[in-house]
Amino acid sequence: MAPGLSEVSVKVARYFPTLVFSLEVPDSELLNARLIEAIYAARERDETGVRKSNFPELGGWHSHVKLHKDAAFSGLVQHVDAAAAKMNRELGYHRSYRLKIGTMWSIVNSPGGLNRAHIHPGCIWSGVYYVQAPRNSGRIEFIDPRTQNLMSGVKYITGAKRPRDCWKKVRYKPLAGRMLIFPAWLYHSVGPNRSRAKGKDADRVIVSFNLSQQRRR
Ligand SMILES: [Fe+2]
């Protein structure tokens, strides 16, 4: 190697990133206890629920999508609104608009329940809040949206952790009180609930939502 070549500095620029926001709701125990009560009450009123990415026959229940209109969910709505307002500022969105919840729903995955890979058409951001997440109840997996990149046959060092810039998927462990907000176009799925907890303690319970820009009045 020519002298000095190893000292050449190489700069890297990162463009077109995929942003996943996360936050922990402080003192979420009381909020979660209230949400659990409201969600199971909603399930009793509508046992069939709706079919989306969930599999009812595998133990997955999906509520209707207007939970944000229900007073029992107002505490959570406030946390979502606060996060959305921060994103609105940080992302430089037009101030005449605000990022607002358009739809909100709950999913209860009992053991065996899972969610197939999907996106959320018709909105900008989507989010999930973990109400109850027992051990091994299924991680959410996001897949590299640059499908062309999935074609590359790069060989990486076996057994070594790849640099984050080279990941093609990422999984988050559910944690009660945690919220994730991600692009609505980002493909995601949820692994099967393999919790060994007893009864309802084994359920993976989440509230999910979509955010769109709405003109301020
Ligand atoms: Fe989803």
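The structure this text deals with has already been given above.
For every chain, the first residue of the written sequence is number 1, and numbering continues from 1 onward in sequence order. Predicted model: local features are reported for residues with pLDDT of at least 70 only, side-chain atom pairs are reported and counted for 80 or more only, and whole-chain, interface and lining totals are derived from all residues. Excluded from the side-chain calculations are hydrogens and water; all other atoms, namely the structure's heavy atoms, are used.

With that settled, the discussion passes to the sheet that holds strand β4 (residues 115–118). Pairing between strands is defined by DSSP: at least two bridges between them are needed. Helical segments are the DSSP runs of H or I of at least four residues, strand segments are the runs of E of at least two, and each set is numbered from the N terminus. If you walk across this open sheet you meet the 4 strands as β4-β9-β6-β7, and the pairing is antiparallel. Both outer strands of the open sheet, β4 and β7 (169–172), are each paired with one neighbouring strand and no more. Neighbour to neighbour, the strand axes of the sheet diverge by 15 degrees on average, direction disregarded. Summarising the sheet, strand β6 (residues 140–143) and β7 pair through 4 bridges and their orientation is antiparallel. Directly across from Ile-140, in β7, lies its bridge partner Tyr-172. Axis lines are fitted through C-alpha atoms, for helices just across the contact stretch, and the angle between N-to-C directions can take any value from 0 to 180 degrees.

Take the layout of surface pockets next. The definitions used throughout rest on a 1 Å grid laid over the protein atoms alone, on which a cavity is an enclosed set of points accommodating a 1.4 Å probe that cannot get out and a pocket is an open set flanked by protein within 12 Å on both sides along at least five of seven lines; lining residues are those having an atom within 4 Å of a point. Grid points are joined across faces, edges and corners, and a volume is the space filled by probe spheres set on the points. Approximately 710 Å³ is the volume found for the largest pocket. Every residue lining the largest pocket is counted, 22 residues in all, and those nearest its centre are Pro-17, Thr-18, Arg-164, Asp-165 and Trp-167. Residue assignment for the lining of the largest pocket shows that the elements contributing at least two residues are β6 and β7. Of the residues forming the lining of the largest pocket, the biggest block, 3 residues, is contributed by β7. Amino acids are sorted into nonpolar (Ala, Val, Leu, Ile, Met, Phe, Trp, Tyr, Cys and Pro), charged (Asp, Glu, Lys and Arg) and polar (every other residue, Gly among them). Partitioned by chemical class, the residues of the lining of the largest pocket number 14 nonpolar, 1 polar and 7 charged. What lines the second largest pocket is a set of 22 residues, and nearest its centre among them are His-62, Trp-105, His-118, His-120 and Ser-208. At the level of secondary structure, the elements contributing two or more residues to the lining of the second largest pocket comprise β3 (97–109), β4, β5 (125–132), β9 (188–190) and β10 (204–215). No other element matches β10, which puts 4 residues into the lining of the second largest pocket.

With that settled, consider the sheet that holds strand β2 (residues 60–62). Pairing in this open sheet of 6 strands is antiparallel, and the strands run β1-β8-β5-β10-β3-β2 from one edge to the other. In this open sheet, the two edge strands, each paired with only one partner strand, are β1 (21–24) and β2. Direction aside, neighbouring strands of the sheet carry axes that sit 25 degrees apart on average. Summarising the sheet, β5 and β10 pair through 7 bridges and their orientation is antiparallel. Within the sheet, the bridge partner assigned to Gln-132 lies in β10 and is Val-205. Contacts are assigned to residue pairs that have any heavy atoms within 4.5 Å of one another. Lying on the sheet, helix α1 (residues 28–45) is in contact with β2, β3, β5 and β10; it crosses β5 at an angle near 95 degrees. Its contacts with the sheet place helix α2 (residues 74–90) against β1, β3, β5, β8 (178–183) and β10, and it is angled at close to 135 degrees to β3.

Turning to unusual backbone geometry, a few remarks are in order. A negative phi angle characterises most non-glycine residues, just as the trans form characterises most peptide bonds. A positive phi angle is found at Phe-16, which is not glycine, with a value near 55 degrees. Structurally, Phe-16 can be placed in the segment before β1. Positive phi outside glycine occurs at Asn-136, with the angle close to 60 degrees. Within the secondary structure, Asn-136 sits in the loop between β5 and β6.

Before going further, it helps to examine the packing of aromatic side chains. Aromatic rings from Phe, Tyr and Trp, with only the six-membered ring used for Trp, were paired whenever their centres fell within 6.5 Å, and each pair was classed as stacked if the ring planes differed by under 30 degrees, edge-to-face if by over 60, and tilted otherwise. Enumeration according to the criterion identifies 4 aromatic pairs in this entry. Measuring from centroid to centroid gives 6.2 Å for Tyr-15 and Phe-16, while their planes differ by 50 degrees, and the two rings are tilted. Where Phe-142 meets Tyr-172, the ring centres are 6.0 Å apart and the plane angle is 80 degrees; that geometry is what we call edge-to-face. With a gap of 30 residues between them, Phe-142 in strand β6 and Tyr-172 in strand β7 connect regions that are remote in the sequence. Residue Phe-142 is classed as buried on the basis of its relative accessible area, which comes to 2%. Among the aromatic side chains, those forming a connected cluster through ring pairs are Phe-142, Tyr-172 and Phe-182. Burial status follows relative accessibility: with a 1.4 Å probe on protein chains alone, a residue under 20% of its type maximum counts as buried, one over 50% as exposed, and anything between as partly exposed.

Fair warning: the whole summary comes from geometry, so function is off the table for now.
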